[in-house]
Structures are given as structure tokens and as C-alpha cells.
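Structural description and commentary
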Amino acid sequence: AFSPCIGSTYVGSQALKPMRSQETKPTGRAIRSRLMFVHKLLDEFGEKHISVEQVMSFVKDVTDNFSHKDANVRDTAKELTTLIYQIIGEDVFLFLDSLPARQLREYKASFANSRINLSGSRS
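In this convention, every chain numbers its residues from 1, walking through the sequence in written order. The predicted nature of this model means local features are confined to residues of pLDDT at least 70 and side-chain atom pairs, given and counted, to a pLDDT of 80 or more, with totals for whole chains, interfaces and linings taken over all residues. To get the side-chain values, take all heavy atoms of the structure and skip hydrogens and water.

1. Let's talk about the packing of aromatic side chains
Planes of paired rings set the category: under 30 degrees apart is stacked, over 60 is edge-to-face and the rest tilted, where pairs are Phe, Tyr or Trp rings (Trp by its six-membered ring) whose centres lie within 6.5 Å. Scanning all chains against the criterion turns up four aromatic pairs. Judged by centre distance (5.8 Å) and plane angle (80°), the rings of phenylalanine 66 and tyrosine 107 are edge-to-face. Of the two residues, phenylalanine 66 is situated in the loop between helix 3 (52-62) and helix 4 (71-88) and tyrosine 107 in helix 5 (residues 101-122); the sequence distance between them amounts to 41 residues. Each ring, one from tyrosine 85 and one from phenylalanine 111, has its centre 4.4 Å from the other, and the planes form 5°; the classification is stacked. Separated by 26 residues along the polypeptide, tyrosine 85 in helix 4 and phenylalanine 111 in helix 5 bring together distant segments of the chain. The rule is simple: take the accessible area with a 1.4 Å probe, protein chains only, and divide by the maximum for that residue type; under 20% is buried, over 50% is exposed, in between is partly exposed. Residue phenylalanine 111 is classed as buried on the basis of its relative accessible area of 1%. In this text, helices come from DSSP runs of H or I with a minimum length of four residues, and strands from runs of E with a minimum of two, each type numbered from the N-terminal end.

In C-alpha cells, the structure reads:
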């Protein structure tokens, strides 16, 4: 992503390509790895190089609308969504409209904790 020949925008677009093949669904481990990679890209390069809307669409797609059977995938998706919350704020809720009430509370708690951690690290 640091290469002047390729750049973070291209790497981000490749990272957000669909993971589904015609024969098999990707494993939880593969999904989690891709989500962690996208998290790292966003964290290092910001939203100028990778579209938040595309990231959230990708997350919803690969996690079966945030309800993947693997808890690690769900947790990683929540971490990535929390990073996006730190970038765009309350607008993240536009992407979370289909979450069940219990899961939405968990996301809100994660967002609140991220605000506390951010404000604590600045002082």
C-alpha cells in the first residue's frame, strides 16, 4: 500500500472485492483476516483512500449482515465498525439499521468505549 506504483487506493479496492466463490463460502478465518486487513488500511490511510460506504457494504456482505456464525468474525466486524464510527461519527448508524436491538446495544457500548479511550489518550 505504500508503493508509489500501486498505492493505498488500489490496495483498498482489491481488499473490498467480494469473497464468495461459486463453489464454497469463505471460512471465518479468511473473513476475519480480510476484515483485519481493511481495518489496518483504514487506520493507516484514512477514508481518503478507502470509501467508508464501500467498507460497510463489504462488512455487511461478508458477515451475513453482522450475524456471522463465528463470534470472532462478529467481534472483528464490530471493531472495524467502531473505527468507522471514530471517523464518521453518528452517520455509522445508517449502516446498522438492520441490527437486532441487543446487538445494536453492544455496538453502542463499543462506540462509547472508543470515545472514552480516545479522550483518555489525548490528556
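2. Some remarks on unusual backbone geometry
Although it is not a glycine, asparagine 65 adopts a positive phi angle of roughly 60°. Inspection of the secondary structure puts asparagine 65 in the loop between helix 3 and helix 4. Classification of asparagine 65 by relative accessible area gives partly exposed; the value is 32%. One non-glycine residue with positive phi stands out, namely phenylalanine 66, at about 70°. Assessed through its relative accessible area of 1%, phenylalanine 66 is described here as buried.

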